[in-house]
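Chain and residue survey
Chain by chain, the residues run as shown.
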Amino acid sequence: MNSTEEYDVLIIGAGHAGCEAACATSTMGLKTCLVTIHLETVAQMSCNPAIGGLAKGHLVREIDALGGLMGLLADETGIQFRLLNRSRGGAVQAPRAQSDKAFYRLTMKNWLEKIPNLTLFQGIVTEILIKNNKTFGVLTLEGNRLLSNAVILTPGTFLKGVIHMGLHSYSAGRANEPASVELAENLKKIGLKTFRLKTGTPMRLHKDTIDWRQFKPQPGDEKPIPFSFRTQKKLENKIVCYIGYTNQKTHEVIRNNLDKSPLYSGKITGIGIRYCPSIEDKVVKFPHHQRHQFFLEPEGLETAEIYVNGVSSSLPLEVQKEILRSIPGLDQAKMFRPAYGIEYDAVLPTQLYHTLETRHIKNLYLAGQINGTSGYEEAAAQGLMAGINAALKIKGGKPFLLNRHEAYIAVLIDDLITKGVEEPYRLFTSRAEYRLLLRIDNADKRLTPQGFKLGLIKEKDYEAYQKKQEKIKKAMHFLQQEKMMNEKREKISLKDFLKKPEVHFKNVVEYKKFNERLSDEEIRHVESEVKYEGYIKKQDKEIARIRKVDGEKIPESTNFREIPGFTREVIEKLAKSRPKNIGEAKKIPGMTPAAVVNLHIYLKCQRGKNHKK
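Note that residues are indexed from 1 along each chain, following the sequence as it is written. Where local features are concerned, this predicted model is filtered to residues with pLDDT of at least 70; where side-chain atom pairs are given and counted, the filter is 80 or more; whole-chain, interface and lining totals use all residues. Calculation of side-chain values draws on the structure's entire complement of heavy atoms; hydrogens and water are dropped beforehand.

1. Here's the deal with the packing of helix α2 (residues 56–66) against helix α10 (residues 376–394)
- Helix axes are fitted only over the stretch in contact, all axes being lines through C-alpha atoms; the angle between N-to-C directions runs from 0 to 180 degrees. The way it works is that DSSP assigns letters per residue, a run of H or I at least four long becomes a helix, a run of E at least two long becomes a strand, and they are numbered from the N terminus. Interaxial distance between α2 and α10 falls to 9 Å at its minimum, and their mutual angle equals 25 degrees. In terms of orientation, α2 lies roughly parallel with respect to α10. By crossing handedness, the relation of α2 to α10 is classed as left-handed. Contact with α2, carried on its side by K56, L59, V60, I63 and L66, involves E377, E378, A380, A381, L384 and M385 of α10 and no other residues of that element.
- Its residues assigned to classes, the contact of α2 with α10 shows eight nonpolar, no polar and three charged. Working definition: roughly parallel below 35 degrees, roughly antiparallel above 145 degrees, roughly perpendicular at 65 to 115 degrees, and oblique for all remaining angles. Rotating anticlockwise by less than a right angle from the far helix to the near helix defines a left-handed crossing, while the corresponding clockwise rotation defines a right-handed one. Here a residue-residue contact requires only that any non-hydrogen atoms of the pair lie within 4.5 Å. For this classification, the nonpolar set comprises Ala, Val, Leu, Ile, Met, Phe, Trp, Tyr, Cys and Pro, the charged set comprises Asp, Glu, Lys and Arg, and every other residue, Gly included, is treated as polar.

2. Considering the sheet that holds strand β1 (residues 4–6)
- One requirement defines pairing of two strands: DSSP has to find at least two bridges between them. Pairing is mixed across the open sheet formed by four strands, whose spatial order is β1-β10-β9-β8. Every interior strand has two partners, whereas the edge strands, β1 and β8 (125–131), have only one. Here the strands of the sheet are splayed against their neighbours by 25 degrees on average, with no regard to which way each runs.
- In this structure, β8 lies alongside strand β9 (residues 134–140), joined through six bridges in antiparallel fashion. The residue bridging L129 from the neighbouring strand is G137, located in β9.

3. Some thoughts on the pattern of salt bridges
- Any carboxyl oxygen of Asp or Glu within 4 Å of a side-chain nitrogen of Lys or Arg constitutes a salt bridge here. For the coordinates displayed, the defined rule picks out 41 salt bridges.
- Ionic pairing is found between E482 and K512, a salt bridge with its closest N-O pair at 3.8 Å. Note that E482 is positioned in the loop between α13 (459–481) and β22 (483–485) and K512 in the loop between α15 (505–508) and α16 (520–531), a separation of 30 residues in sequence.
- Note on exposure labels: buried denotes an accessible area under 20% of the residue type's maximum, exposed denotes more than 50%, and partly exposed covers the range between, all computed with a 1.4 Å probe on protein chains only. A residue is classified by how much of its surface remains accessible, and E482, at 29% relative accessible area, is partly exposed.
- By relative accessible area, which is 31% here, K512 ends up partly exposed.

4. Section: unusual backbone geometry
- A positive phi angle is found at N176, which is not glycine, with a value near 65 degrees.
- Structurally, the position occupied by N176 is in the loop between β13 (168–171) and α5 (181–189).
- Take N176: its relative accessible area is 69%, and that puts it in the exposed class.
- Not every positive phi belongs to a glycine, and N363 is a case in point at roughly 65 degrees.
- By the element assignment, N363 lies in the loop between β20 (340–347) and β21 (364–366).
- Judged by relative accessible area, N363 falls into the buried class, the value being 7%.

5. Description of the packing of α16 against helix α17 (residues 533–550)
- For the pair α16 and α17, interaxial distance at closest approach is 5 Å and the crossing angle is 70 degrees. As the angle between them shows, α16 and α17 are arranged roughly perpendicular. Across from E529, V530 and K531 in α16, the residues of α17 making contact are E533, Y535 and I536.
- Its residues assigned to classes, the contact of α16 with α17 shows three nonpolar, no polar and three charged.

6. Remarks on the state of the cysteines
- Cysteine sulfur pairs qualify as disulfides if the two atoms are within 2.5 Å. For the structure shown, the criterion picks out zero disulfides.
- Just so you know, C19 is unpaired, no disulfide at all, and the nearest cysteine sulfur is the one on C23, 9.2 Å from it.
- Under the relative-accessibility criterion, C19 is labelled buried at 0%.
- Cysteine C33 remains unbridged, with the sulfur of C19 as its closest cysteine sulfur at 13 Å.

7. Quick notes on the pairing of β9
- The hairpin formed by β8 and β9 contains two residues between the paired strands, and N132 there has a positive phi angle of roughly 55 degrees.
- Sheet topology note: the β9/strand β10 (residues 145–147) ladder contains three bridges and is antiparallel. Directly across from L139, in β10, lies its bridge partner R145.
- The antiparallel pairing of β9 with β10 creates a hairpin that spans four residues between the two strands, and G143 there sits at a positive phi of about 90 degrees.

8. Let's talk about the pairing of strand β2 (residues 9–12)
- Covered by surrounding structure in β2 are V9 and I11 together with L10 and I12, the residues of both alternating faces.
- With four bridges connecting them, β2 and strand β3 (residues 32–36) associate as parallel partners. What sits directly across from L10, in β3, is C33.
- Consider the strands pointing away from the viewer: the crossover is right-handed when the path from the first strand over the helix to the second runs clockwise. One crossover worth recording links β2 to the parallel β3 by way of helix α1 (residues 16–27), and it is right-handed.
- Alignment of β2 against strand β11 (residues 150–153), held across four bridges, turns out to be parallel.

So, in structure tokens, the structure goes:
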């Protein structure tokens with residue numbers, strides 16, 4: 001007789017999304033089971049063992065501010081730390097860390113094993129169990145039933161995954177790991193619309209076979225900046241990365257072998273990542289470039305494997321070897337693992353609510369690459385939000401939703417749900433219209449109080465957060481109250497002095513001593529608040545205006561067919577959803593900005609007519 005186990009929440013897939021979801025639901029007091037194909041690959045860094053970067057680093061800070069794991073784990077397992085855009089303004093600065101790949105995976109598994117209410121279980125899920133349009137559990141390949149009040153699906157690239165290397169291909173979710181074929185078919189059967197996407201990974205080389213003299217060193221920062229607001233230990237750089245370039249000989253090898261590329265032979269039908277293309281894609285799409293940059297990045301302290309960041313490919317092994325032979329310094333390099341491309345199923349994210357629950361199957365949540373995203377950070381952010389909202393729904397609470405001016409997490413989810421994706425989605429700072437408000441230095445100020453209310457931030461960590469905010473408040477008061485003489489012999493506040501681009505906090509305290517000792521993190525926050533003050537005030541006014549419009553009520557009697565400029569699709573969506581206000585209408589998948597403007601103008605005209613009556 002097959003086994004039946006009961007839980008509050010089931011999470012299918014233990015990648016970065018699944019781990020954050022599991023931590024959230026179990027910490028919020030729910031009996032949780034995290035199901036994975038292999039327990040040895042929990043939180044596996046399938047591609048580059050790096051966390052953060054532009055916009056991605058912002059996401060990790062926000063995950064941490066809400067009580068998630070990724071920031072703490074990046075600090076714990078990092079072997080090189082850099083703050084990107086250090087010479088630019090605080091809004092576009094972002095942390096990045098190279099992690100020890102094996103240590104990251106093992107540490108996450110160790111942390112998860114110690115969380116109360118959380119069970120890790122090895123198994124292959126083949127079916128989502130549904131009754132009356134509501135999930136109540138899953139079925140495994142062995143015929144075991146795992147029952148629950150909610151299911152969070154985070155399968156990464158495993159849904160009907162196919163690995164391509166040259167014109168050869170095989171079914172897999174990751175190199176030599178079985179794909180979830182039955183589950184992919186089941187999702188279609190239960191009515192979810194899917195489409196194919198493609199990503200890839202580069203070759204890994206033996207460090208002792210590389211001539212490092214041919215490459216430029218890229219060391220970490222002298223004073224590494226932590227990802228997590230909760231990290232207490234001093235971070236240390238333990239490795240050096242290197243920068244290299246392809247050449248015309250490399251490009252010639254690639255052009256001569258394009259007929260062997262599944263990307264250009266038509267064998268791969270999935271759409272690849274525009275912002276992280278394969279080397280053959282770069283050569284074809286940018287023929288005027290004489291060379292393309294790549295990075296040589298160690299995968300850990302206890303391995304000789306070097307990740308060749310920027311040379312992902314799905315060309316045959318022999319062609320990959322030719323590519324290496326064309327690059328001075330790599331011409332004698334031995335390959336541990338060849339590069340490959342992978343094609344997989346994703347679900348159209350417009351079928352989800354902003355809570356990441358599916359619209360037509362209750363209590364089924366999707367997070368990570370299944371929603372069309374790329375990257376560990378985007379996956380982790382979705383996993384955290386799906387976990388929080390699944391827990392709140394089971395407990396009878398209100399959904400936890402963030403607005404675009406509150407977090408990059410909200411920008412990510414709102415883009416997915418309202419705009420959908422046609423290619424793997426990657427977050428950029430340019431996607432956030434309020435990026436001056438969404439800095440790494442104020443992520444805790446924006447989100448930690450909410451993380452504490454949700455029960456994800458511990459009491460001692462919240463007390464530390466409050467003390468930090470009090471110190472910042474005192475510093476801002478000090479800058480406002482204290483005066484100095486400028487070059488024109490006029491009295492100005494220290495705050496106005498600090499607004500000058502070339503002036504930093506250390507220059508200010510040369511004029512007047514500040515009695516509190518501020519950390520580098522606190523100083524960055526104070527400087528950003530002062531220097532961006534004028535812009536922040538403008539954005540605050542814009543947010544207030546939008547809130548006013550979003551709160552504009554839509555009468556129940558509104559006939560959407562009467563509104564000029566609406567397409568049949570927009571009319572049908574509005575008639576089906578019956579939004580209560582403009583804000584709700586904006587969140588309907590496929591609702592264009594032009595349609596929102598038309599709705600606003602129509603309602604304004606209707607109010608004018610009623611007022612005249």
